[in-house]
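Geometric and topological summary
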Amino acid sequence: MSKHRLGTLLAIAVGLCSILALPAAASAAEPGFISGQVTNASTGEPLFDIEVCAHDATTGFTVSCDSTEFNGEYEIGLAEGEYKVEFEGGSGYVTQWFEAKANFAEADVVEVEEGETEENVNAALVERYGKITGTATDASNGSGIGGLEVCARGKGETFDGSCTETNPDGTYTLSFLIPGEYTVEFYSRFKYNESLEKSELEGPNFVTQYYNGKLHREEADGVSVTESGTTTNINASMQPGATISGQTTDAVSGGGIQGIYVCAWGATTTHLCAQTDKEGNYSIPALPADSYKVEFQPEYFFLKESEYEKEHWKRTDFPVMDYLRQYWNDKFSFEAAESIAATAGQSITSISAKMTKEVQPPPPVSTAKSAKTAKVKGGKVLLQLTCPGPGDCTGNLKLTARQVIKPKKKKHHMRNHKRSRTVTIGKNKFSVHAGTTATVKVPLNGAGKSLFAKSGGKLKATLSGTNITKTTLTLKGKAPKKKHHQKKHTKH
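Residues numbered from 1 in each chain as written. Predicted model: local features only at pLDDT ≥ 70, side-chain atom pairs only at ≥ 80, totals over all residues. Heavy atoms only, no water.

Structural notes on the nonpolar core
- Core analysis: the largest hydrophobic core is formed by 27 residues, its most contacted members being Val 381, Leu 383, Leu 385, Leu 397, Ile 425 and Leu 475.
- Put simply, the parts of the chain that give this core at least two residues each are strand S33 (373-377), strand S34 (380-387), strand S35 (393-405), strand S36 (419-432), strand S37 (436-443), helix H2 (446-454), strand S38 (458-465) and strand S39 (471-477).
- Apart from residues lying up to four places away in sequence, Leu 385 is in contact with Lys 369, Ser 370, Leu 397, Phe 430, Val 432, Thr 436, Thr 437, Ala 438, Val 440, Leu 463 and Ile 468.
- Of all hydrophobic cores here, the second largest spans 21 residues; its members include Ile 257, Ala 264, Ala 274 and Met 355. (Core = buried A, V, L, I, M, F, W, Y, C linked by side-chain atoms within 4.5 Å. Buried < 20%, exposed > 50% of the residue type's maximum accessible area, 1.4 Å probe, protein only. Helix = DSSP H or I, 4+ residues; strand = E, 2+ residues; numbered from the N terminus. Contact = heavy atoms within 4.5 Å.)

Encoded structure:
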């Protein structure tokens, strides 16, 4: 090996030894740590998945974060310096800073030294959720009612809620409610009977009510819940519920029919429904004192369809359940149905129905009625027709108007009188479902367009036809502009 190459290798070796011999002070600085535990302020239980962040004590900049383990503990690695520690409460707890401070400005400073751990930087978080408490009692004797369901449901922009069961003495507590306004509902509990394949009452039979003593949710008084607060004395004085029960059977075979919906329609209060079990039996509890009409109807679904340029939902009987809808006592219309008076807590039995598949004659065609005015748009009259029922309104209609006839050329020594005649300005067919109002378009013919134009956008007309009430109405709209005739110029 040459002396020159040997010298070069010796120089490299000396250099490597010099690098390895650098003092320890030149190596990277060791991190420090902040550690601690986060617990529930009320129960002392450790809290999982709470985010803990260290912020620069001067700038407020977030430097590093960690989330608590199942034991509530966390540890954050940091460079030497001064920090303020934030404990993020999320939706369940109120955010706080070390030590139990409300914001960054008030937070205590934690000093971190190189290679050291600042322990016991702890936090006990206060639950953000609020509570509602109260008691449900029997209106007839004032005793507490156990086994009722109580639910708070969000009102307005608050959609979360909570449910619970009343204790034997009627008291209850609804927990885990985010701040906001709620409606509170008290109602009897139901369970599903698998052997009979139906829902049935579980526990006491009382009328559903909303705070404060209302039958309908839209009437309920709002109950406000504040952060970490408890709203007390949200009570209910419950009315004992009436019960209507019976059986549905096939009119021919006498066998019970499963799956029939039975609804009790109250005259002044509400309506409740139940479904018949495998033997055709049903029971409708929790009814307010009222007069009821009981309806027996097969399963059905709603079909969306478009007809006469108006979308609507049409109720259609489910093909498998081809029994006719009927009412107690063997009536086939709501108007003809017999009423049943029910008092508080009363049990009314044997409200039954023998279901038939015989085709009943459809209700007669009804007579449609028109509004007194109608818009004209695009050469068409937009008639608003209402069908009062009970049957649908179908037929033909005709619009007529008076047309002035210009007098002939005046003769010597003779008076000329203006004359008029009735002309048809539009015709069409119509069909409107019972109990609805629909727009029917009637195209104007040539005479109609001419008369409407001459009227300046306001024309008196008469509506007549089959299955429609004769009506004098005013046609209103934007009259078409008159065309100006230009003279033809002959070139000379």
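Quick notes on the pairing of S34
- Judged by which residues are buried, S34 turns out to be one-sided: Val 381, Leu 383, Leu 385 and Cys 387 face inward and are buried, whereas Lys 380, Leu 382, Gln 384 and Thr 386, on the alternate face, are not.
- Alignment of strand S32 (residues 369-370) against S34, held across two bridges, turns out to be antiparallel. Counted as the bridge partner of Lys 369 is Thr 386 from S34.
- Note that S33 and S34 share three bridges and pair antiparallel. Within S34, the position partnered with Val 376 by the bridge is Val 381. (Pairing = 2+ DSSP bridges.)

Let's talk about a negative patch on the surface
- Taken together, the side chains of Glu 30, Glu 80, Glu 82, Glu 111, Glu 113, Glu 114 and Glu 116 make up a negatively charged region of the molecular surface.
- Along the polypeptide, Glu 114 turns up in the loop between strand S7 (110-112) and strand S8 (117-118).
- Glu 114 gets classed as partly exposed once you look at its relative accessible area, which sits at 42%. (Patch = residues over 30% accessible without salt bridge, like charges linked within 9 Å, V, L, I, M, F, W, Y side chains within 5 Å. Areas by Shrake-Rupley, 256 points an atom, 1.4 Å probe, with all protein chains shown as cover. Salt bridge = Lys/Arg side-chain N within 4 Å of Asp/Glu carboxyl O. Lys, Arg positive; Asp, Glu negative; His and termini not counted. Charge placed at Lys NZ, Arg CZ, Asp CG, Glu CD.)

Regarding the pattern of salt bridges
- Per the counting criterion, the structure on display carries eight salt bridges.
- In this structure, the salt-bridge partner of Glu 149 is Arg 189, at a minimum N-O distance of 2.3 Å. A residue pair is termed long-range when its members are at least 10 positions apart, and Glu 149 in strand S11 (residues 149-155) and Arg 189 in strand S15 (residues 189-193) qualify at 40 residues.
- Measuring nitrogen to oxygen at the nearest pair gives 2.4 Å for the salt bridge that ties Glu 185 to Arg 153. Of the two residues, Glu 185 is situated in strand S14 (residues 180-187) and Arg 153 in strand S11; the sequence distance between them amounts to 32 residues.
- A residue is classified by how much of its surface remains accessible, and Glu 185, at 11% relative accessible area, is buried.
- Through salt bridges with shared partners, a single ionic network connects Glu 149, Glu 165 and Arg 189.

Details of the packing of aromatic side chains
- Under the counting rule described, the total for this entry stands at seven aromatic pairs.
- Ring geometry for Tyr 74 and Phe 87: centres 6.1 Å apart, planes at 80°, overall edge-to-face. Of this pair, Tyr 74 sits in strand S4 (residues 73-78) while Phe 87 sits in strand S5 (residues 81-87); the two residues are 13 residues apart in sequence, bridging distant segments of the chain. Each member of the pair, Tyr 74 as well as Phe 87, is classed as buried. (Phe/Tyr/Trp six-rings, centres within 6.5 Å; stacked < 30°, edge-to-face > 60°.)

Let's talk about the pairing of S4
- The two faces of S4 differ: Tyr 74, Ile 76 and Leu 78 on one face are buried, but Glu 73, Glu 75 and Gly 77 on the other face are not.
- Across six bridges, strand S1 (residues 32-40) lies against S4 in antiparallel orientation. Across the sheet, Phe 33 pairs through a bridge with Gly 77, a residue of S4.

Observations concerning the side chain of His 55
- Following the sequence through the fold, His 55 ends up in strand S2 (residues 51-56).
- Using a relative accessible area of 7% as the deciding quantity, one classes His 55 as buried.
- Sequence-distant contacts of His 55, defined by excluding residues within four places in its chain, comprise Gly 60, Phe 61, Thr 62, Val 63, Glu 82, Tyr 83, Lys 84, Glu 86, Trp 97 and Phe 104.

Remarks on the state of the cysteines
- Under the counting rule described, the total for this entry stands at four disulfides.
- Each sulfur in the disulfide pair Cys 387 and Cys 393 lies 2.1 Å from the other. Disulfide Cys 387 to Cys 393: torsion about the S-S bond roughly 85°, handedness right-handed.
- For Cys 393, a relative accessible area of 0% corresponds to the buried category.
- Numbered by order of appearance in the sequence, the disulfide-linked cysteines of the protein pair as 1-2, 3-4, 5-6, 7-8. (Disulfide = S-S within 2.5 Å.)

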